[in-house]
Amino acid sequence: MLLTGYAKAHGIGATSLRYFNVGGARERFGERHAVETHLIPNVLMVPAGGRQAMSIFGDDYPTADGTAVRDYLHVVDLGRAHLLALESSVPDEHRVFNLGSGTGYSVTQVLDACREVTGHAIPAQVEPRRPGDPATLVASSARAATELGWRPELSLHDIVADAWRFMQSHA
């Protein structure tokens with residue numbers, strides 16, 4: 001609401017991008033957190049030698065395979081969205097866009113993608129659900145497609161493959 005009021009009061013354009021789970025990497029840029037909380041880097045730490053196994057928090061969700069479903073977005077697609085948002089900024093307006101693939105992937109599907117990309121059998125153990133975790137969170141990027149001409153181009157496989165290459169080259 002502050003951005004909306006400020007944009008109108010001062011004649012500027014403002015854009016808020018609400019993005020879902022961003023992953024992937026490029027040659028020099030990728031995820032390297034002191035404490036990693038993101039699923040894909042945590043899974044990739046198993047074949048990289050930084051973890052023994054993965055924990056799956058809940059396998060009794062009302063989803064196709066019982067594990068939580070989330071939306072994943074490649075960092076390159078996110079970068080393109082930022083550029084398009086800057087180029088299409090409209091004075092006196094504050095626009096808000098959700099950014100995601102529009103397709104959810106379960107924890108099991110992410111694990112399988114990581115296994116395929118790395119060629120490693122990544123062990124996983126089921127733990128109880130974490131309090132407050134919803135079964136499914138998937139973005140609708142319809143407004144970004146309509147108003148910005150943006151659609152994600154890279155897949156979950158691309159996200160995992162790029163993150164794995166980055167992790168291996170920056171060990």
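About the cut-offs
- Here the residue numbering is sequential within each chain, running from 1 through the sequence in written order.
- Selection of residues for local features in this predicted model requires a pLDDT of at least 70, selection of side-chain atom pairs for listing and counting requires 80 or more, and totals for whole chains, interfaces and linings are taken over all residues.
- Neither water nor hydrogens contribute to the side-chain values; these are computed over all heavy atoms in the structure.
- UniProt positions are given in the numbering used here, feature names are shortened, and annotations may be inferred rather than shown by experiment.
- Numbering of helices and strands runs from the N terminus, with a helix taken as a DSSP run of H or I at least four residues long and a strand as a DSSP run of E at least two residues long.
- Three exposure classes are used, based on accessible area relative to the maximum for each residue type with a 1.4 Å probe and protein chains only: buried under 20%, partly exposed in between, and exposed over 50%.
- Throughout, a contact is declared for two residues whenever any of their heavy atoms are within 4.5 Å.
- The sign given to each residue is positive for Lys and Arg and negative for Asp and Glu; His and the chain ends receive no count.
- Taken as the charge centre is NZ of Lys, CZ of Arg, CG of Asp or CD of Glu, depending on the residue.
- Each Phe, Tyr or Trp ring (for Trp, its six-membered ring) is paired with any other whose centre lies within 6.5 Å, and the angle between the two planes then decides the class: stacked below 30 degrees, edge-to-face above 60, tilted in between.
- In this analysis the charged atom, NZ for Lys or CZ for Arg, is taken to sit over a ring once it is within 6 Å of the ring centre and within 35 degrees of the ring normal.
- What makes two strands pair is DSSP finding at least two bridges between them.
- Between the N-to-C directions of two axes lies an angle of 0 to 180 degrees, each axis being a line fitted to C-alpha atoms and, for a helix, fitted only over the stretch in contact.
- Put simply, angles under 35 degrees are roughly parallel, angles over 145 are roughly antiparallel, angles from 65 to 115 are roughly perpendicular, and the rest are oblique.
- Note on convention: near helix rotated counterclockwise from far helix by under a right angle means a left-handed crossing. Clockwise means right-handed.
- Amino acids outside the nonpolar list (Ala, Val, Leu, Ile, Met, Phe, Trp, Tyr, Cys, Pro) and the charged list (Asp, Glu, Lys, Arg) are all regarded as polar, and Gly is one of them.
- Take a side-chain nitrogen of Lys or Arg and a carboxyl oxygen of Asp or Glu: if they are within 4 Å of each other, that pair is a salt bridge.

Naming follows an unreviewed UniProt entry, where the protein chain appears as UDP-glucose 4-epimerase of Mobilicoccus caccae. Here is the UniProt Sequence similarities (unreviewed entry) comment for the protein chain, exactly as written: "Belongs to the NAD(P)-dependent epimerase/dehydratase family." Annotation of the protein chain in UniProt includes, under Pathway (unreviewed entry), the sentence "Carbohydrate metabolism; galactose metabolism."

1. Points about the overall build of the protein chain
Within the protein chain, the regular secondary structure consists of six helices and eight strands. Helices and strands appear in the protein chain in the N-to-C order α-β-β-α-β-β-α-β-β-α-β-β-α-α. The dimensions of the protein chain, computed from C-alpha atoms along their principal axes, are 55 × 35 × 25 Å. Burial statistics for the protein chain: of 171 residues in total, 37% are counted as buried. Put simply, 86% of the contacts in the protein chain that link residues at least 6 apart link residues at least 24 apart. Across the protein chain, 15 positive and 19 negative side-chain charges occur, with their mean positions spaced 4 Å apart.

2. Section: the packing of aromatic side chains
Per the stated rule, a full pass over the model turns up zero aromatic pairs. For R129, the ring lying beneath its charged end belongs to Y61, and the centroid distance is 4.1 Å. Seen from the ring of F97, R143 lies directly overhead, with NZ or CZ sitting 5.1 Å from the centre.

3. Considerations on unusual backbone geometry
A positive phi is found at D92, a non-glycine position, where the angle reads about 70°. You can call D92 partly exposed: its relative accessible area is 41%.

4. Topic: the pairing of strand 4 (residues 69–74)
When you tally the buried positions in strand 4, you get six out of six residues, the bulk of the element. Of the two faces of strand 4, both are covered, the one formed by V69, D71 and L73 as well as the one formed by R70, Y72 and H74. Sheet analysis places strand 2 (residues 21–23) next to strand 4, joined by three bridges and oriented parallel. By the bridge assignment, G23 is partnered in strand 4 with H74. The pairing of strand 4 with strand 6 (residues 104–106) spans three bridges and is classified as antiparallel. Bridge pairing in strand 6 places V69 opposite S106. Pairing of strand 4 with strand 8 (residues 136–137), which is carried by two bridges, proceeds in the parallel orientation. In the sheet register, V69 faces strand 8, and the bridge partner there is T136.

5. A closer look at the packing of helix 2 (residues 39–48) against helix 4 (residues 107–118)
At a minimum axis distance of 10 Å, the contact between helix 2 and helix 4 shows a crossing angle of 45°. For the element pair helix 2 / helix 4, the angle class is oblique. For the crossing formed where helix 2 meets helix 4, the hand is right-handed. Across from L39, I40, V43, L44 and P47 in helix 2, the residues of helix 4 making contact are V107, V110, L111, C114 and T118. The residue inventory of the contact of helix 2 with helix 4, partitioned by class, reads nine nonpolar, one polar and no charged.

6. What to know about the pattern of salt bridges
Evaluation of the coordinates by the stated rule reveals nine salt bridges. A salt bridge links R26 to D162, with the shortest nitrogen-to-oxygen separation between them at 2.9 Å. Placement of the pair is R26 in the loop between strand 2 and helix 2 and D162 in helix 6 (residues 156–169), with a sequence separation of 136 residues. The class for R26 is partly exposed, based on a relative accessible area of 34%. Of the charged contacts, one joins R143 and E147 as a salt bridge, the two residues approaching to 2.8 Å between their closest N and O atoms. On the criterion of helical spacing, the pair formed by R143 and E147 is a turn pair, its members being four residues apart in helix 5 (residues 142–148). Take E147: its relative accessible area is 36%, and that puts it in the partly exposed class. One connected set of salt bridges, linked through shared partners, spans R26, D162 and R165.

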